[in-house]
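Here is how the chains run, residue by residue.
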Amino acid sequence: MTPYTFARGLAYANVVAASERVAWTVDDVFERRRFDASAAIVPASWVGADGLPFLEAEDRLVLNHCRAFSYVHLLRNFEEFAPPHLAGAAADRWHDERARLRALFRFADEEMKHQQLFLRAERALEESCGWTFGGWFDDDGLRVAEVTRALLDHSPLARFLVVLALEWGTQRHYVESVRGAHETDPLYADLLRAHWVEEAQHVKIDTLEIAALAETMSAAERAAAFDELLAIGDLVDGVLVEQARLEIATLAVVRGRRFSDVQRAALEQALHGSLGAIMSGVGLSHPTFAAVARELSPEGAAKLGLA
Ligand SMILES: [Fe+2]
Ligand SMILES: [Fe+2]
């Protein structure tokens, strides 16, 4: 039995069964619907620009739509490393329990499906809003290949931890969208729900894999994985800074606005801060992620400020 309490009661066979039960298709989620561009699409708390007095209501609406785009654009590209990461985990123990291998491959396939879902959402947002959004990842796939390579250079434990944090975060995104139902587009909320029901299975696989990997590692090795996690955090943050700037650029074009240096700095700070909160902070501060981190390595958890 695993020495880690956080992994007790979890079983790959149960994950596969649940994954088969909740599976959906991209067409099921969209049902030929569009987003309603006359209203906010994501909760205002995702944008965090309400306190900037120089923005008009129309500016805030455009920024809200930009954020709806940034979220699916970033997730689609950050999740690109998941399939090769999971294939590596399967290849490590190729003749292992069938249920584990099936769980890993379903997980990888679901992530490929999520990428299709998010790409379709990006295009549907552009059609619904009538303009093109700035996205840091290029259509030729050069930047996503670079980020994927950098992530795959990290140890399996660090990679599973970053995926675990991201996936616990998606649960909060859905719950918040339901809580702020009056300000979330119905199609967008359905998209978050569809994503989360599968991510809820993925966190169980991450947890089982983390426990198995950690059992073979010393305390120092486990703590070192948290240094890698911080390095991955820096890498992600670099992308978020650029994506926040692209939101401002999109706002300036769509609304024909010019901002002073002071206004631009305030916008960058607010948008980068809120992007970091929804992409990273929401997962790293999740109580279940924090509990896993503390049990794995108190020293490592302290590095994340989770002591
Ligand atoms: Fe996903
Ligand atoms: Fe996932």
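Since the model is a prediction, treat every value here as computed from it, not as a measurement. Residue positions are given per chain, counting from 1 as you read along its sequence in written order. Going through the entries in the order they are written, you letter the chains from A and number the ligands from 1. Only residues with pLDDT of 70 or above have their local features reported here, since the model is predicted, and side-chain atom pairs are shown and tallied only from 80 upward, although totals for entire chains, interfaces and linings are computed over all residues. Values reported for side chains reflect all heavy atoms of the structure, with hydrogen atoms and water molecules removed beforehand.

Chemist: Before we go on, may I ask you to explain the packing of aromatic side chains in this structure?
Modeler: Any two rings among Phe, Tyr and Trp, with Trp reduced to its six-membered ring, count as a pair given centres within 6.5 Å; such a pair is stacked if its planes are under 30 degrees apart, edge-to-face if over 60, and tilted if neither. In the structure shown here, the tally under the stated rule is 11 aromatic pairs. Taken together, a centroid distance of 4.8 Å and an interplanar angle of 50° make the contact between Trp46 and Tyr71 tilted. Here Tyr71 lies in helix H3 (residues 57–78) and Trp46 lies in the loop between helix H2 (26–30) and H3, a separation of 25 residues in the sequence. With respect to class, Trp46 is no different from Tyr71; both count as buried. Throughout, exposure labels follow a simple rule: accessible area from a 1.4 Å probe, protein chains only, divided by the maximum for the residue type, with under 20% read as buried, over 50% as exposed, and the rest as partly exposed. By relative accessible area, Trp46 is classed as buried at 1%. Through a chain of ring-to-ring contacts, the aromatic side chains of Phe35, Trp46, Tyr71 and Tyr188 assemble into a single cluster. The ring of Trp24 has Lys113 sitting right over it, with the charged end atom 3.9 Å from the ring centre. Only when the NZ of Lys or the CZ of Arg is both within 6 Å of the ring centre and within 35 degrees of the ring normal is a charge said to sit over the ring. Directly above the aromatic system of Phe30 lies the positively charged group of Arg120, at a separation of 4.4 Å from the ring centroid. In this description a helix means any DSSP run of H or I spanning at least four residues, a strand means any run of E spanning at least two, and both kinds are numbered starting from the N terminus.

Chemist: I would appreciate a short explanation of the environment of Lys204 in the present structure.
Modeler: Secondary-structure assignment places Lys204 in helix H8 (residues 186–215). On the basis of relative accessibility, which here comes to 30%, the residue Lys204 falls in the partly exposed class. Distance from Lys204 to Ala103, taken between C-alpha atoms, is 9.9 Å for residues 101 residues apart in sequence. Once residues lying within four places of it in the same chain are set aside, the contact partners of Lys204 are Leu10 and Val15. Whether two residues are in contact is decided by their heavy atoms, any of which lying within 4.5 Å being enough.

Chemist: How should I be thinking about the coordination of the iron ion (ligand 2) in this particular structure?
Modeler: Any N, O or S atom lying within 2.8 Å of the metal counts as a donor, and for Na, K and Ca the limit rises to 3.2 Å; water is left out, so some sites can look incomplete. Those protein atoms acting as donors to the iron ion (ligand 2) are Glu111 (OE), Glu167 (OE), Glu199 (OE), Glu199 (OE) and His202 (ND1), and they sit at 1.8 to 2.7 Å. Sequence spacing of the donor residues for the iron ion (ligand 2), all on one chain, is E-x55-E-x31-E-x2-H.

Chemist: What exactly am I supposed to notice about unusual backbone geometry here?
Modeler: Most peptide bonds adopt trans geometry, and most residues besides glycine take a negative phi value. At Glu31, a residue that is not glycine, the phi angle is positive and equals roughly 45°. Looking at the element boundaries, Glu31 is found in the loop between H2 and H3. Residue classification places Glu31 among the exposed residues on the basis of a relative accessible area of 52%. The phi dihedral of Arg32 is positive, around 60°, even though this residue is not glycine. Along the polypeptide, Arg32 turns up in the loop between H2 and H3.

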